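Residue-level listing of the chains:
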Amino acid sequence: MTLTVRFAPSPTGYIHIGNARTALFNWLMVRRHGGRFVLRLDDTDRARSTDAFAAAIAEDLAWLQVRPDQVVRQSDRFDRYDAVKAALVAKGLLYPAYETAEELDYGRRRQRARGLPPVYDRAALRLTADDRARLEAEGRAPHWRFLLPNFTADPFEPERREVHWDDLCRGPQTVDLGSLSDPVLIRADGTYLYTLPSVIDDIDLGITHVIRGEDHVTNTGVQIAIFQALDGTVPAFGHHNLLTDTSGEGLSKRTGALSIRSLRDRGLEPEAVAALAVGIGTSHAVEPVASVDALAAGFDPADASKSAARFDPADLDALNARTVHALPFERVAPRLAALGAPADPAFWAAVAGNCATVAEARTWADVVAGTGLTPVIAEEDRAFVAEAARLLPAEPFDGDTFRAWTNALKAATGRKGRGLFMPLRLALTGLDHGPEMAALLPLIGRDEALRRLSP
Ligand code: GLU
């Protein structure tokens, strides 16, 4: 069977770095082993899902170089879910319950007071057809619960019933269905919670590997029971550790915290975002990569650690700078042109090492062009700089010109080290730091250099 994975966000907000981790774990499985990647939009919550967020998710994945083979929307599949619902009801595996939220809450408190786990007591299973008709006549609409297979003959006598799987990230896992309430699969307003549609889709789409965050571990116990109730093949499951922000808080799609969009807008490279999203909280050092797909070499979901990983934007900035330094000119040329910087390999070779983002190339383009630049010449360096102007070699300039020039200046003035180099940098760039002067000088050119040396 073809390895088939899915990334299943709800289009209720922008995806963040933690969602990107899930998407990329799935994507890299496919890049590493071959197979298919499905983007499934979990939009059963029609009130909170929007087309704009769905489009933004597709865009953000494309930016991350994740290319789905197929896109499906749960909202297109309600007929199918309704058919499965009917089948489960017919088998007695899905039953209507009428308790209000307050009644359920009261029930849970009473269980706790008796020292019992707050598990739903299946009272709705005792209702007769007449009881149900009466409740519905009162205006109560049922929600629907899945009857967990945690009993031998009597559902009111639940037993320990372990579900096991060998998690791709966490190793052997166990969930005891005997300790869980029958999950609500359909709300009283008729809307589906994510649990059932997800299993139906995973079966229909032939999903072989479900890789998602560890907040779904308990769901997996329940969903394996649903797979079995539907005679579906149970996929392999992997639950990776979650990311938190620097204060240890979980990331939320609703707050827009660390959204992929905001990282892109800050000028970060997708390769850097992806490398950190995948590598953080694993046993590997996070290194810059030339492409997102390059992360697939050696990718193993089992390398994710078991505890939450703290995501620090400062780490991303540092990794981004290293990624930018290594960007080849061909990749960056159109972006340099768009920035109004020279789309010239010599320019990029000169400035790349001083750019923490590609956009910073613009600053160095201005330095080369002299835009807004005021040469800085200290009083005590005036004579030295005048001498430098006199000794500036004739064109053509190349990578050796600066060395030849400074050697001549050293011989003529006796200056060396910082006293020799800094006045030239300050006069030619107006700054005390920046790219190698040997690389900048040919870009500035002789006439412009002379102008800056003799203001
Ligand atoms: N929509 C679910 C979520 O974002 C999907 C979970 C899953 O991958 O099954 O949490």
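The structure we're discussing is the one just above.
Notes on the structure follow.

Cut-offs applied
Residues numbered from 1 in each chain as written. Predicted model: local features only at pLDDT ≥ 70, side-chain atom pairs only at ≥ 80, totals over all residues. Heavy atoms only, no water. 1 Å grid on protein atoms, 1.4 Å probe; cavity = no way out; pocket = protein on both sides within 12 Å on 5 of 7 lines; lining within 4 Å. Points joined across faces, edges and corners; volume = space filled by probe spheres on them. Helix = DSSP H or I, 4+ residues; strand = E, 2+ residues; numbered from the N terminus. Nonpolar A, V, L, I, M, F, W, Y, C, P; charged D, E, K, R; others polar. Contact = heavy atoms within 4.5 Å. Polar contact = N/O pair within 3.5 Å; in protein donor to acceptor, adjacent residues only side chain to side chain. Near = heavy atom within 4 Å. Areas by Shrake-Rupley, 256 points an atom, 1.4 Å probe, with all protein chains shown as cover. Buried < 20%, exposed > 50% of the residue type's maximum accessible area, 1.4 Å probe, protein only. Phe/Tyr/Trp six-rings, centres within 6.5 Å; stacked < 30°, edge-to-face > 60°. Lys NZ or Arg CZ within 6 Å of the ring centre and 35° of its normal. Core = buried A, V, L, I, M, F, W, Y, C linked by side-chain atoms within 4.5 Å. Pairing = 2+ DSSP bridges. Salt bridge = Lys/Arg side-chain N within 4 Å of Asp/Glu carboxyl O. Axes fitted to C-alpha atoms, helices over the stretch in contact; angles between N-to-C directions. Expected span 1.5 Å × (residues − 1).

### Notes on the layout of surface pockets
What the second largest pocket holds in volume is close to 340 Å³. Lining the second largest pocket are 18 residues, with Gly107, Arg108, Val119, Tyr120 and Asp121 positioned closest to its centre. Per-element tally for the lining of the second largest pocket: the top contributor is helix 4 (residues 101-113), with seven residues. Split into classes, the residues belonging to the lining of the second largest pocket amount to eight nonpolar, three polar and seven charged.

### As for the environment of Ser181
Secondary-structure assignment places Ser181 in the loop between strand 7 (171-176) and strand 8 (184-186). C-alpha separation for the pair Ser181 and Asp131, spaced 50 residues apart in sequence, amounts to 22 Å. Setting aside its immediate chain neighbours within four residues, Ser181 contacts Pro118, Val119, Tyr120, Arg145 and Leu148. There is a polar contact of 2.9 Å between the side chain of Ser181 and the backbone nitrogen of Tyr120.

### As for the site of the ligand
Every residue lining the ligand is accounted for by Arg6, Ala8, Ser10, Asp42, Tyr194, Ser198, Arg212 and His216. His216 has a polar side-chain atom sitting 2.8 Å from an oxygen atom of the ligand. Burial of the ligand by the protein amounts to 79% of the accessible area it has alone, namely 290 Å². Considering only residue class, the shell around the ligand consists of two nonpolar, three polar and three charged.

### Overview of the environment of His16
Tracing the chain through its elements places His16 in the loop between strand 1 (4-7) and helix 1 (17-33). Given the relative accessible area of 7%, His16 is considered buried.

### Re the packing of aromatic side chains
Each aromatic ring pair is specified by the distance between its two centres and by the angle formed by the two planes. Across all of its chains, the model carries ten aromatic pairs by this definition. Ring geometry for Tyr14 versus Phe53: centroids 5.2 Å apart, planes at 85°, classification edge-to-face. Of the two residues, Tyr14 sits in the loop between strand 1 and helix 1 while Phe53 sits in helix 2 (residues 51-63), which places them 39 residues apart along the sequence. For Tyr14, a relative accessible area of 34% puts it in the partly exposed group. Judged by relative accessible area, which is 22%, Phe53 ranks as partly exposed. An aromatic cluster of three or more residues is present, and its members are Phe78, Tyr81 and Tyr192. The cationic tip of Arg126 hangs over the ring face of Phe156; the distance from NZ or CZ to the ring centre is 3.6 Å.

### With respect to the nonpolar core
In terms of nonpolar packing, the biggest core is built from 47 residues, with Ile17, Leu24 and Val273 touching the most fellow members. Elements with a contribution of two residues or more to this core: strand 1, helix 1, strand 2 (36-41), helix 2, helix 8 (260-265), helix 9 (270-279) and helix 10 (313-325). The element that contributes the greatest number of residues to this core is helix 1, accounting for nine residues. Core analysis: the second largest hydrophobic core is formed by 40 residues, Phe329, Phe347, Ala389 and Met437 among them.

### Side note on the pairing of strand 1
Burial along strand 1 is two-sided: Thr4 and Arg6 facing one way and Val5 and Phe7 facing the other are all buried. Both strand 1 and strand 2 contribute to a ladder of four bridges, which runs parallel. Counted as the bridge partner of Phe7 is Leu39 from strand 2.

### Considering the pattern of salt bridges
Here the idea is simple: oppositely charged side chains can pair when their charged atoms come close. Here the structure, examined in full by the defined rule, presents 40 salt bridges. Between Asp45 and Arg48 there is a salt bridge whose closest N-O contact spans 3.4 Å. On the accessibility criterion, Asp45 (25% relative accessible area) is partly exposed. Note on Arg48: relative accessible area 38%, which makes it partly exposed. Salt-bridge contacts for Glu271 lead to Arg331; the nearest nitrogen and oxygen are separated by 2.7 Å. Pair noted here: Glu271 is in helix 9 and Arg331 is in helix 11 (residues 329-339), with a separation of 60 residues, a long-range link.

### Observations regarding the sheet that holds strand 8
If you walk across this open sheet you meet the three strands as 4-5-8, and the pairing is antiparallel. The open sheet has two edge strands with one neighbour each: strand 4 (94-97) and strand 8. On average, adjacent strands in this sheet sit at an angle of 45° to one another, irrespective of strand direction. Relative to strand 8, strand 5 (residues 143-146) is paired through two bridges, and the arrangement is antiparallel.

### Section: the side chain of Ser198
Checked against the element boundaries, Ser198 lands in helix 6 (residues 195-204). One polar contact links Ser198 to Arg6, side chain to side chain, over a distance of 3.4 Å. Ser198 has contacts with Arg6, Arg40, Gln74 and Gln223, leaving out every residue within four places of it along the chain.

### Considerations on helix 3 (residues 78-90)
Look at helix 3: 18 Å from first C-alpha to last across 13 residues, which is about the 18 Å you get at 1.5 Å a residue. In this fold, the buried residues of helix 3 make contact with strand 4, helix 6 and helix 7 (217-229). In the stretch just after helix 3, Gly92 is the one whose phi turns positive, near 75°.

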